[in-house]
Structures are given as C-alpha cells and as structure tokens.
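# Notes for the structure review
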Amino acid sequence: MIMNESANPNPLFMPRTYLTTESNKTGSWRFARPRYDEKTSPCSAACPAGEDIARIEMLATQGLFKEAWETILLENPFPSVCGRVCFHSCEDLCNRREFDAAVAIHSLERFLADTAIRYGIKPDLERRTPRKQKIAVVGAGPAGLSAAWFLTLLGYSCRVFEASEEAGGILRWGIPAYRLPLTALRHDIKQIEAQGVSILTGKPVTAEMLEALKKDFDAVFMACGHGLGMAMNVPGENLKGVGEGLDFLRQIRDGQTPACNGVSAVIGGGNTAVDVARSVVRLGGKALLLYRRRRRDMPAFDPEVEMALDEGVELQELMAPVAVAQEEEKILLTLQEMMIAGEENSRGRIVPDHGKIHQVRVDRIFKAIGAQAVEPWHQPDAADRDMLRLTHTVLNRRGTGAVLVFGGDLTNATKSVVHAIASGKQAAIALDALFQEGVEAVVPRMEACRVGDGQSLSMEVYLGGERRLRNPHVVRYEEINTDHFQFIPRVTQPRLLKEERARSFEEIDLKISAQLAMKEAESCFNCGICNQCDNCYIYCPDTSVILERDTQGRHINYDYCKGCGLCVVECPRNAMSLGEETP
Amino acid sequence: MQTDVMDREFVHSGHVGCPGCGATIAMRFVLKALGEKTMMVLPACCWSIIAGSYPQSALKIPVIHAAFETGGATATGVRAALDMLGDTETTVLTWAGDGGTFDIGFQALSGAVERNENFIYACYDNEAYMNTGIQRSSSTPYGAWTTTTTGRDWKKLRKKNIVEVLVAHRIPYAATASIAYPEDLLRKAQKAKNMKGSRFLHIYASCPTGWRIPSEMSVKIARMAVQTNIFPLYEVEDGLRYTINYKPREYLVREYFRLQGRFKHLTDQDLDQIQQMVNEDWELLLRKAGERA
C-alpha cells in the first residue's frame, strides 16, 4: 500500500538542493593557464613556398577538396606541377617519420590538383582592390608566373613577356612529359591567366626593350632563368655530336624525335642529366650517365636515379671528361677517373686518380652540367652595393625609373621549381610593401610573414589571414601526443611498370583514388593546428571547455578552469599551450 | 556512438574536485551515456564532496547521498520505489569509490547483485580512500605508498580483483572501463543501460593527489594502465562470456610505475616481480576469454 506522504501529520524532512555549484568560481585555484595556441607544422616551415600543409591535410581528411586546393593556391599557383616534380622537402621533416612513415604530401597535392581539374573547379580567392601600379614580368617560367599570380592577388596588373611560343619555361621545355604531362602544366597556367595575368608569348625581351618596359611599367621582374649550358672546358667539346642536354629535352617537348641510335653519353649528375638519359632510353638508345662524384652526391632526386637505373640507364660514378675527339663515325670520349679525398658540404671532395684514364666510344654526347644566364644583363650586378638583396630576389630601385627585380634561377642558390615559386612570391610581397609603404617596410613586412623560423613566406599571413595568428614555434615530434594515433602504412604510389616506362613518355606516377587520398591525409598529425577533435572538451574534469559555433568551435571558461593542464597534454597535435597564470 | 551523446552534459562547473580529477571525468562520461533519466545513489566517497555541499549540487540529475556501506541496499530501495510508481524507464545508478565497493559497501553490493537487483553499480576506482586522506583499501595495488602503508611498509598485498568477484555472482553484465578510453566507456555504459538486472562497471579513475602525479598526466597514466595490461579493458556477460576489448602492444609496467610518486620507492627487482604478476593475470584473463588453451 502506498502511503500518501502529504497526509502525514509529521512530514518527512527532505533537504533538497536548489543551487548548482556554479557559484563557486574555481578559476581562482588556477596557477597555470591553458589556451588555444596554434603553432607551425615542420612541413610548412620546410616548404620553400610555405604551403599550409597541416591545414591542407586536415581539409582533405574532411573531404573539403576545393578548400584544400585553394589553401595551396594561396601560397603556390602550381599544385599540378609541384604535386609531380617538387622534391618535397616537407616530407623529409614530417613528424610522422619518427612514428612510422612520412605522410605522402606530394601525392595528396597532386590528387587535389587532379580533382580540381577533373571537376573543373574554379578557385574563390579574394583579390585586393586594384592598385595603380603596373608590373612587367620577363619570362613565363615558375618564378615569373608566380610573381604575376601573387601580384595580381595583391591588386596589381601584370603583363608577362615570354620568348617561347608557349608559357612554362623549364616546366614546358625542360622537364620530360613522363614526369610532368603537358595537360597538368597547362591547367596551372590557365588558372593563373584566369586570375587576370596576361601572358604574351613569342615576345623575347631584348636589352632595348627592357629600357622601354622600364618606362611603361612601375616595376620589371626579371625571371628569364638560366638557359645557356655551361662549358666543360675540355678540348673538342664543340665538335659535331656534342650537344646540350637542355636543347635535346626541348626538341622532344617540341614534338620532335631526335635520333638516339647507339650509345649516348650524358655528362652530369643533376635532374637534367637524369632526364636526358631516361629520354634517350625512351627513344630507343642506350644511355651512359657519367658523373664526376658518387651516386650519393648526385643533386638529382634519388627516386629518379633509381628509376633511371631500372629503366636501363648505365651510371658510371667518379668519371670526369677530359677530352672529346672525332674517331670515324664515333666520338671518342676520354675520362679521368676521380677519387674521393674527403667530404665538403656533405658531398665528396674529388681529386683525379692519377694514371686512371678511360676511353669510351659513343655516338653522341649530351652535356648537362648546369646552366647560366643567357645574357649578362639578365643578372643583378654583384658589385652593386645599393641593391636590396633578399633571400630569393634582388631589388634595384636606382634612380626614378621602374624598380628592377631579379628572381628565379637568376638569384636563387637552390635552383628548383619550388624555390622559383618562393622567389616570385618574395618579389610580389617586396614590391607591394615598397609601393604601399616605402622601402623601409620591405624587410619588416617580409619578417612578419615568415613561416616558423625558416625562410619561407606566407601570402596568407601577408594578406592578414587567420594564419597570421599562429605561433611561429615549429612543433617537434615529442610535442605530439602519439597515444591518439595509430600506425598506418603510407600509401604506395602506383606506377607504370618498368617495361611500359622504357618505351613511352607517358606519365609514370598514376593517380590515387579519393579514398586512398583521404586515408593518407587522415594519417597527418596536423601538427600545431586544431582539427576540432574535441579532446580538450572530452577530458576536461571541470566542464570548462565550452562548445560553441565560432571559428575555434570552443572556448575555455576561465571562471571555473582550475588549470590542471589535461587539455593541453591530451591535445594530440600541440594546438594548445599552458602558460603561467598572471595575477 | 551518437555524437550528441558526447555533447550533452550533466556535471556543472564549480565542483570541488581536485585539478585533474579522474573521478570527475568518469562521472561526465557515464552520465553522458545514461542521460537525464537517471537517479544516483551516492555512498560516501570523493564524489560525496565533489557533488557539492547543501544546498548546492554539481549534478543535473537527482542524487541520494547514502551511508558508506549502503550503496547496494539504497539502490535496491530506490529501484523498488520507482517500480511501485510504475517508472521502469529511469536508470538507478550507484556511484561508489573503491572503498565503498571493495571494502565497506561490499556486503550490500554482494547482497544486491545476488538478488539480481535491477540497477547499475559503477565503481570509480582511484585505489585508496582518497577523500579521507589516502588510506589504503583492498583496491590499493601491490607496491603502493598510502598514508597507512608508508615507508618500507608499502602495500605488499595484491589488489582485490573485484570484477571477478562480481562475475562469480553470475550477474548479466560486468565490465572494466577507463577514463582514457571514452568511446569504450560510453559504449559500455550505454550497453549496461539497455540491459536488465545487476550490472557492474569498474572504472579506472586516476587521482593526481593520491597517486602523486602531475594533474595534467592523469589521463595519460590511466591510458598507460591499460597499455601495460595492469588494467585490461574487458567485459563479461552472464558471468561466462568474456570479451577483451583492447589488446595492447608489449608496454612494460615499469613506464607506468616510474611516473607516479606513490611507487617511487620500488626497486628494479620489485618492478620485475610486478611485471610477472601482471603477465600472470593477463594470461589468466586470456584463458578465460578462450584465447589461450
């Protein structure tokens, strides 16, 4: 039987709570203060173009391919190109290497670019209000086009003068199609033009024309690259049958099929030398690659060397040419065997191994030992002390005329595509700072948009985007809470078979599926940036992480946070920091 | 797991749990899983204090503060009252510390589950009487310092295996869980909610104050207890069907012990012995789960 309590003459006293504990402001206990503090990922600091890689991977994981692709474009207008030919120093510094293997950042970059092409996505990038200054760019290679792209984003009108009949520079004429297919390059260039850059092809700039440009434009960016092969300085090097590797590559990309019967000797150890040797193989010839140092000293990317050897290129190390002579139908190449006499700059220092002379009979020789500027006036005057020398560009603002800026291979210590892009970006930022605030602003502005502690610059930071709020501290592996990650094997890049490679110029690296790409992106630690994993909220013992729909997605309620620091430790990616509480 | 389950909240800020308190994290998780239709029986434990002094409450659900030894009995009564009112929807949850479960509340718990009373008994285990000043309990592990096992007299007896005791009662559900594995914990609490009869959750809840660890390390330490097999995650249905939920890599117990002040007196030899004990227990569990012949 249920007794009716209200009918009880001596009612039961039930103490009942009617307040919450929220009147206790336990925040006063705190002596350490957690805060959201996004930091810099090592990959982004290692990328010469300063791409926001941790964020790109985060967006790709969420399937936001367009946004991820736009995040690349904000720092680099060449995702199709760089996803293929960049040497990806980002992956060398990936924190995941210490855990299992580096994230395949370049494969993802290429995937995002391919996806954008496939679906015809147009980027929605903000363009600043138009500025009155006009800028001429000499050379439509990666440096020139990047400068034009960034200057256009900054509101300037740009005109690019290109000597060849098609834009692209070394990308168009120097890198073989099996590494960089024409469609990929053309897409990136079309993208740049769609942003408002006008490219005039078949317009070589002469010394007189440069003077005219300096009158018509407020600045001229010199990015005509290194197109003239270096001399070997050995007797007989100008004989018929001795050619420039770059010219040979250009003929092929021009649609010709130069004769390659018999044996072709290729002198050099850089990417051009390897590309020439591999092209020779593809045209049915035998390639003998001769390098004066060892294989491990070669500046060419190691996977490329590996594939070249697979395809049948023969490599002879420690061989320096000393003489070239005609011998009936053949060319007699005399080689001096070299020996290692120590190490310098982490490469072998070589000296002739006396008495060891070899001779080979070949059908032709390709030189690929480096290149230099075609005309002396392409180069900034090394003796001129008034020029403003930046890491990737040199500014000359002598007199009242146009500002002359040198960039790309003309000024870069490392001659790579991504360094050329970095140079174009630096030129754009320098010119904007110069035009808007004066020469004194150039260096401080440049400093303010550095990524982490390195040399790379961020256009997003320069434009005042959210990325400027990041702490420049570069996240170390020990700062990652690896408990929240699992071992995942790195994606294996699908490739054409060796047999298929050796007889065509088809692209070697095949596409990866969206599913594989997302899985790979998911393996990224997203070092230093919040990916909304909510661990801070989940583990807070004091219910002091409040979810909300702002950009961060949550905030700390300091009225109650006791400063235990759990959120900071359980943040998998070091996007939080614990500081001292100041009274 | 539904995402909105993680987003709902039944614990107010401003409670007086120590910074980094594992028991509070455990409470947040369990209530997220059980939802608002829950009544709590709270025998004496840390949470008796954390829940707030009259007239405050840190919880958004009804709580009955009960005497130390009555967790099982009070819950039996609350359940009976709800049943008489025709309320079969509300979950009755006893929330007790290790003292109120392993020692003082043991007979009431054993009695209630023997009758297969329809409630969930959750024990948040911080391995000593933390609220009253870190006195050893029968849950205190081998090797630990407490204020009653000091100096050379550190505890040289094994921790009572409470889950096996409950399993011996052949109750419908008994499981271990850890604050470091929220998905697993929430899944088990929801699974328990959807069952009838006596259900038991043994939740590992680190205590920065009593374990002598930095407050920010409390989840890390709880995770290491699982990774080292010191506190394996498993569940047992009807006292018979064992499922091991997490198979760790070969982490050494040494790592776990080295980080805690309560174990700092242990020698390498002691740690080797503890490693053997842990290995032995793990092998036994594997056999029960049918994963070893």
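Residues numbered from 1 in each chain as written. Chains lettered and ligands numbered in written order. Predicted model: local features only at pLDDT ≥ 70, side-chain atom pairs only at ≥ 80, totals over all residues. Heavy atoms only, no water.

### Some words on the overall build of chain B
A tally of helices and strands in chain B yields twelve helices and nine strands. The principal-axis extents of the C-alpha atoms in chain B amount to approximately 60 × 45 × 40 Å. Within chain B, the proportion of its 293 residues that are buried is 61%. For chain B, long-range pairs separated by at least 24 residues make up 68% of all intrachain contacts whose partners lie at least 6 apart in sequence. (Helix = DSSP H or I, 4+ residues; strand = E, 2+ residues; numbered from the N terminus. Buried < 20%, exposed > 50% of the residue type's maximum accessible area, 1.4 Å probe, protein only. Contact = heavy atoms within 4.5 Å.)

### Some thoughts on the overall build of chain A
Along the backbone of chain A there are 20 helices and 22 strands. Considering only C-alpha atoms, chain A reaches an extent of 130 × 55 × 50 Å along its principal axes. Taken over 583 residues, chain A has a buried fraction of 56%. Looking at chain A alone, contacts between residues at least 24 apart form 72% of all its contacts between residues at least 6 apart. Chain A carries 68 positive and 78 negative side-chain charges, and their two centres are separated by 2 Å. (Lys, Arg positive; Asp, Glu negative; His and termini not counted. Charge placed at Lys NZ, Arg CZ, Asp CG, Glu CD.)

### Side note on the packing of aromatic side chains
Going through the model one piece at a time under the given rule, you end up with 22 aromatic pairs over all chains. Judged by centre distance (6.1 Å) and plane angle (40 degrees), the rings of Tyr-178 of chain A and Phe-505 of chain A are tilted. Residue Tyr-178 of chain A is located in the loop between α8 (170-173) and α9 (182-194), and its partner Phe-505 of chain A is located in the loop between α17 (498-501) and α18 (514-522); the two are separated by 327 residues in the primary sequence. According to the relative accessible area criterion, Phe-505 of chain A is partly exposed, its value standing at 22%. Across from the ring centre of Trp-173 of chain A, 4.2 Å away, lies the NZ or CZ of Arg-172 of chain A, which sits over that ring. When the ring centre of Trp-154 of chain B is taken as origin, the NZ or CZ atom of Lys-156 of chain B, which lies over that ring, is 4.2 Å away. (Phe/Tyr/Trp six-rings, centres within 6.5 Å; stacked < 30°, edge-to-face > 60°. Lys NZ or Arg CZ within 6 Å of the ring centre and 35° of its normal.)

### Focus on the packing of helix α12 (residues 271-282) of chain A against helix α13 (residues 302-311) of chain A
Residue and element names in this part refer to chain A. Two numbers describe how α12 lies on α13: the axes approach to 10 Å, and their chain directions differ by 25 degrees. Comparing the axis directions of α12 and α13 gives the class roughly parallel. The way α12 lies across α13 gives a crossing that is left-handed. Contacts from Asn-271, Val-274, Arg-278, Val-281 and Arg-282 in α12 reach Glu-304, Val-305, Met-307, Ala-308 and Glu-311 in α13. Here the residues of the contact of α12 with α13 sort into five nonpolar, one polar and four charged. (Axes fitted to C-alpha atoms, helices over the stretch in contact; angles between N-to-C directions. Parallel < 35°, antiparallel > 145°, perpendicular 65-115°, else oblique. Left-handed = near helix turned anticlockwise from the far one by under 90°. Nonpolar A, V, L, I, M, F, W, Y, C, P; charged D, E, K, R; others polar.)

### Observations regarding the domain arrangement of chain A
Residues and elements named next belong to chain A. Per the domain assignment, the segments making up chain A are domain 1 (21-38 + 530-580), domain 2 (42-123 + 473-522), domain 3 (134-225 + 373-448) and domain 4 (231-369). In this structure, domain 2 and domain 3 have C-alpha centres spaced 27 Å apart. Both sides of the domain 2 and domain 3 interface together cover about 2200 Å² of buried area, and 74% of this is carbon and sulfur. Looking only at domain 2, the three residues that lose the most surface to domain 3 are Pro-77, Phe-78 and Val-85, adding up to 28% of its buried area. The tally of links from domain 2 across to domain 3 stands at one salt bridge. A salt bridge links Lys-425 to Glu-75, with the nearest nitrogen and oxygen atoms 2.8 Å apart. For the interface between domain 2 and domain 3, the tally reads seven residue pairs in polar contact (both at pLDDT 80 or more). Breaking the side of domain 2 that touches domain 3 down by element, the ones donating at least two residues are α3 (65-73) and α4 (79-85). Ranked by residues supplied to the side of domain 2 that touches domain 3, first place goes to α4 with six residues. (Domains from an automatic or database assignment. Buried area = accessible area lost by both parts, 1.4 Å probe. Salt bridge = Lys/Arg side-chain N within 4 Å of Asp/Glu carboxyl O. Polar contact = N/O pair within 3.5 Å; in protein donor to acceptor, adjacent residues only side chain to side chain.)

### What about the side chain of Gln-195 of chain A?
Residue and element names in this part refer to chain A. Tracing the chain through its elements places Gln-195 in the loop between α9 and β5 (198-200). In this structure Gln-195 comes out as buried when scored by relative accessible area, which is 11%. Those residues in contact with Gln-195, other than ones at most four positions away along the chain, are Leu-125, Arg-127, Trp-149, Thr-152 and Leu-153.

### Section: the interface of chain A and chain B
Listed by partner, the interface residues are 33 residues for chain A and 39 residues for chain B. Summing both partners gives a buried area of about 3000 Å² for chain A against chain B, and 54% of it is carried by carbon and sulfur. In this assembly, chain A and chain B are joined by three salt bridges. At the boundary of chain A and chain B, one finds 30 residue pairs in polar contact (both at pLDDT 80 or more). Residue assignment for the side of chain A that touches chain B shows that the elements contributing at least two residues are β1 (19-20), α19 (535-539) and α20 (566-570) of chain A. Looking at the side of chain A that touches chain B residue by residue, the classes come out as 16 nonpolar, eleven polar and six charged.

### Some points on the pairing of strand β13 (residues 330-344) of chain A
Residue and element names in this part refer to chain A. Two strands pair when backbone bridges link them, and strand β12 (residues 319-327) and β13 are joined in this way by eight bridges, in the antiparallel orientation. By the bridge assignment for β13, Ala-320 is matched with Gln-336. Between β12 and β13, which follow one another and run antiparallel, lie two residues, and Glu-328 among them has a positive phi close to 55 degrees. The hairpin formed by β13 and strand β14 (residues 347-362) contains two residues between the paired strands, and Asn-345 there has a positive phi angle of roughly 50 degrees. (Pairing = 2+ DSSP bridges.)

### Topic: the environment of Val-281 of chain A
All names here are of chain A. Within the element layout of this structure, Val-281 appears in helix α12. The sequence separation of Val-281 and Arg-573 amounts to 292 residues, and the corresponding C-alpha distance is 47 Å. Ignoring any residue separated from it by four or fewer positions in sequence, one finds Val-281 in contact with Ala-287, Glu-311, Val-313 and Ala-502.

### Considerations on the nonpolar core
Soluble globular proteins: nonpolar side chains tend toward being buried together. With 87 residues, the main nonpolar core has Met-40, Trp-47, Leu-93, Trp-95, Ile-203 and Tyr-256 of chain B as its most contacted residues. Of the residues forming this core, the biggest block, nine residues, is contributed by helix α2 (residues 22-34) of chain B. Sequence-distant contacts of Tyr-256 of chain B, defined by excluding residues within four places in its chain, comprise Glu-127, Tyr-204, Trp-211, Ile-221, Met-224, Ala-225, Thr-228, Ile-230, Arg-262 and Phe-263 of chain B. In terms of nonpolar packing, the next biggest core, distinct from the first, is built from 86 residues, Leu-125, Ile-135, Leu-185 and Ile-429 of chain A among them. (Core = buried A, V, L, I, M, F, W, Y, C linked by side-chain atoms within 4.5 Å.)

### A word on unusual backbone geometry
The peptide bond linking Tyr-54 of chain B to Pro-55 of chain B adopts the cis configuration, its omega dihedral lying at 5 degrees. Relative to the helices and strands, Pro-55 of chain B resides in the loop between α3 (46-50) and β2 (56-57). Despite not being glycine, Glu-328 of chain A has its phi angle at roughly 55 degrees, a positive value. A positive phi is found at Gln-532 of chain A, a non-glycine position, where the angle reads about 65 degrees. Examined against the element boundaries, Gln-532 of chain A turns out to sit in the loop between α18 and α19.

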